[in-house]
Amino acid sequence: MKDNTYIPKLAKIIQIKEEVGGARPIKTFRTQFIQDNNFSFKCGQCAMLSVFGKGESMISISSTPLIKDYLQFSILKMGRVTSSLHEMQEGDIIGIRGPYGNGFPMEKWKGKNLIFIGGGIGLAPIWSVLHTALEKKEEYGDSMLIYGARTSKDIVFKQELAELRKKMKVHLSVDVEEPGWEEFIGFVPLNVLEIKPSPKNSVAVTCGPPIMIKFVIQNLKALGFEDEQIYTTVENKMKCGIGKCGRCNIGLHYVCKDGPVYSWAELKNLPQEY
Amino acid sequence: MEKVLDKKSFPQWVKKLSSYTVYAPVQEDEVWNYEVITNPEQVNLDFPNTVLSPKKIIFPQREVYLEFSASNEDGLEVKEVLPEEEPSVIFGVRPCDARALTLTDKVFGGDFEDIYYWKRRNQVALVGLACHTPPSPNCFCLSVDGSPFSKEGLDVLMSDLGSKYFVEAFSKKGEQLINPAKTLFKPPTEKDKKELDKNRTEAKKRISRQIQNIKKIPPKLKGMFDSSLWDEESMSCLRCGICTYLCPTCHCFDINDEIFSSSPLSGKRIRTWDNCQFPDFTMHSSGHNPRQGKASRLRQRIMHKFQYFVERYKNYQCTGCGRCISRCPVGIDIIEVLDKVSSYEG
Amino acid sequence: MVNLEDLKKEAKTVLEEGKVKYIIGYEKSANGLMPVPGFIKSPEEVEKLIWTPACVYNLTKFLVDEKRRKSREKKPDERPVGLVVKGCDSRALVVLLQEKFINRDDVFIIGVSCEETGVIDEKKLIKKLKGKKAEKIEFDEKDNFIVTTQEGKVKIAASEVLAERCLECKANSPVIYDVLLGEKAKRSVDNPFQSLEKIESLPERERWKFWKEQLSKCIRCYACRSVCPMCYCDECVADTINFAVTADTTAEEKAQKIKWLEKSPVKSENFVYHLVRAIHLAGRCIDCGECERVCPLDIPIRFLNKKLEKDAKELFDYEAGFDPEQPSLVSSFKDEDPEDFIR
């Protein structure tokens, strides 16, 4: 009989970084397994994090699989488990099981330009694939990031974004005007129209709030992107992570196992149940 | 292996199975359910159908995954909890309920084997009881590829022949049940076999309910996600969990931490049945709920059983036991709903 | 028994006049004896209505759905909903009015008197018929039911298959209505708390054992809550999630929500659930008996409610569901209220 998939491995939080404060705070956690660090995953996959006594929460892994020393998760404080995570200190122990889900089909994207389009905490799953692509620059074409948040205070990975500008084109935006902001003002989908990424030999990857994704896809289509060139991730409430507990399905698909990554060609044929 | 067993010898057979935990239908007040039997004389196979199917033994409503507690070293100790290894046998399993287990097998198998399910599943032998007369007025097994004497999923099938049982064993597990009591069983006569055939033909005729055009339903459902039928059919739904908790094929569950002490921390992680008819089943932490209304939840129940499951596993996720019909507090009838799906235009 | 044609006539009239947006009544089901709740939207559909001793459901529950549906509509149809009620059901309606959960203008009440009979207990009937399938049931006006089965007609004394609640009925005829069908005659009831006698006579230890065994059977399908017209809260301690959560609810609020009971169907949690449910019905339950009827495990839930009903009567001389103007039991105080429970 195989391993018991429901038993998490214990991991230590080795670093906590406050990304965003305020009413919808985001923190980035780095964790290391206590026993063995053997946890191989693909970009876009998720892990089920445990705060013992509170429960579990499915979180996308924001670090690249090329880094073996730690796993990174950027987490928006939302409910019972994520609130507990936000109260934790470096050195505290959590549980991790997984990885779960299909991940991004990066093999298929080789040789193509990658256009990453994120909003808010949606940068977390992108962060993993973006850094993997950067590390393997020779395998992909030109990369570009279009990212926005409500206000400049809500932008995650601020320092890292500054670093990133040295390596690829980064277009930032905030939803509403604010003093000192010199880049685009307006919602992310509008910034996409402004920047007009070319669909030629490109793949667009978009993650963020459902309403943003909806209009980003609309606008990408307007720019000439085919359904097969657009990828996104879907979220639903999850418990088991392995397609058995029955709650995250969109039609025939279990998002935890068959998702969370879908091309628009696939997703548009599934019922609107997310 | 084909045998006959005198009805009077049945308790002696059960007695021979002392190394097994024996489950059988037990009546309490007006309700029949599978319980552990301590006295073989207690086993009564003259029962309509149980309220809960044998699913409750293999996939119990509550299963402990692990125990956690604060410790000095790492600050935390986590201990895996697994079901005990004990061979068991369930008597009086209805063929529809045994077939249902072959469906949950598919769900709990596959890429990620569910160790809790299989630990229990592998050590239980299922002794079926053919349905000479339908145990419920709402039986419809014939419509969903089943039959009142289907052997699918069973190790042994017993068929009533008046003063005796015709006993067939289909698996090693089944033969192992018969071997310790070999002397009680006799080879069947030609007359027994004839009677069995006759009973079986008659049994089929006694099932009065059926789904029209079942083969057409999965493709039809594919185009009915946005149909107004779901609103109409769910008008009277109360959002209770009877239809799915009583269903022998429903497998949805929840996982929660239950704590006994918060400081120092100690508690358990527990799986419990969950239910797609409850509004909180799919509700996100943000408050967003992809299945907000009861129409979407009735649709999910029907679509899951008669479309999604069919596409994924090539079977209907329904074995026609009729429990959801008989026990629905407001008479929502899955056969009627499916018949409306068949005839739906628009 | 009230003549079905009279009921259809009333229903047809109000639908034709456009007085109601639709009527919630009892509809014949395709399968056997028991009707299903029916939502009659046009005068033509009135033919679907039935009135038999199997019309068990308390349809006032559907006013809760109606209210929620209406609150989501941008331009709601302001006409009332027509509702068919029996005596007991009308008392539930009175409580909903008293608690201002619904407005009197939102419902057009078609009262139907049970007259000298009541509704059946399906489980009792099934047992009585020993496997024969009932197709039709009529009251013979001489305190018997005539049940038509595939094998002919069977006469059964009403008292043998009437629902327990009907044997202890306090209101055979609706206490509030816009139209009333039938006479205000009623069955004679000696003691409305008769069914409690057996359990009340048990010593405490035996009672504890009884409830331990009964409530351990519970699978927490919540059908008893779902069917109860008094259970209309947006939030319930029994749910894992607070349904009042909106996009503006903070993570702290969600995280701090106390889990009053766990999902495990174990004795302790089942007790919490059932006691919370029962206590919330003190002075509100009108004994429609629906909770017990729907329980798949046959847990005698009605006893809990009935005991509270009896306490309300004996301690506070309070009976729920007779007067919409009366203050509710838990929100009113009288000088003569007993205080000896305060220690």
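Trainee: Lay out the nonpolar core with the relevant residues and their values.
Mentor: Ranked by internal contacts, the top residues of the largest apolar core, which has 259 residues, are A:Val205, B:Ile90, B:Val127, C:Leu83 and C:Ala223. Once residues within four sequence positions are removed from consideration, B:Val127 is found in contact with B:Val89, B:Ile90, B:Phe91, B:Val93, B:Asp155, B:Val156, B:Met158 and B:Leu177.

Trainee: Tell me about the domain arrangement of chain C, and please be specific about residues and values.
Mentor: All names here are of chain C. When its domains are assigned, chain C resolves into domain 1 (1–117 + 165–188) and domain 2 (190–334). Relative to domain 2, the C-alpha centre of domain 1 lies at a distance of 25 Å. Facing 21 residues of domain 1, the contacting portion of domain 2 comprises 22 residues. Only α2 (61–72) and α3 (87–98) provide two or more residues apiece to the side of domain 1 that touches domain 2. For the side of domain 1 that touches domain 2, the leading source of residues is α3, giving nine residues. Partitioned by chemical class, the residues of the side of domain 1 that touches domain 2 number eleven nonpolar, three polar and seven charged.

Trainee: Tell me about the sheet that holds strand β4 (residues 62–69) of chain B, residues and numbers included.
Mentor: Hydrogen bonds between backbone atoms are what pair the strands of a sheet, whose relative direction is either parallel or antiparallel. Residues and elements named next belong to chain B. An order of β5-β4-β12-β11 is seen for the four strands of this open sheet, with the pairing classed as antiparallel. Two strands close off the open sheet at either side, each with one partner strand: β5 (77–80) and β11 (253–262). Neighbour to neighbour, the strand axes of the sheet diverge by 25° on average, direction disregarded. Sheet topology places β4 next to strand β12 (residues 265–273); seven bridges connect them, and they run antiparallel. Each bridged residue has a counterpart across the sheet, and for Glu-67 the counterpart in β12 is Lys-268.

Trainee: Outline the interface of chain A and chain B, supporting the account with residue identities and numerical values.
Mentor: A common way to report how large an interface is uses the accessible area buried once the components associate. Contacts between chain A and chain B engage 32 residues on the former and 40 residues on the latter. Every element with two or more residues in the side of chain A that touches chain B is listed here: β4 (55–60) and β6 (93–100) of chain A.

Trainee: An account of the packing of helix α8 (residues 204–216) of chain C against helix α11 (residues 267–279) of chain C is needed here, citing residue identities and associated values.
Mentor: Residues and elements named next belong to chain C. Their axes nearest at 9 Å, the elements α8 and α11 cross at an angle of 95°. For the element pair α8 / α11, the angle class is roughly perpendicular. Together, Lys-212, Leu-215 and Ser-216 of α8 and Lys-267, Asn-270, Phe-271 and His-274 of α11 make up the contact between the two elements. Partitioned by chemical class, the residues of the contact of α8 with α11 number two nonpolar, three polar and two charged.

Rules behind the numbers
- Residues numbered from 1 in each chain as written.
- Chains lettered and ligands numbered in written order.
- Predicted model: local features only at pLDDT ≥ 70, side-chain atom pairs only at ≥ 80, totals over all residues.
- Core = buried A, V, L, I, M, F, W, Y, C linked by C-beta atoms within 7 Å.
- Buried ≥ 20, exposed ≤ 12 C-beta atoms within 10 Å, placed from the backbone.
- Contact = placed C-beta atoms within 7 Å.
- Domains from an automatic or database assignment.
- Helix = DSSP H or I, 4+ residues; strand = E, 2+ residues; numbered from the N terminus.
- Nonpolar A, V, L, I, M, F, W, Y, C, P; charged D, E, K, R; others polar.
- Pairing = 2+ DSSP bridges.
- Axes fitted to C-alpha atoms, helices over the stretch in contact; angles between N-to-C directions.
- Parallel < 35°, antiparallel > 145°, perpendicular 65-115°, else oblique.

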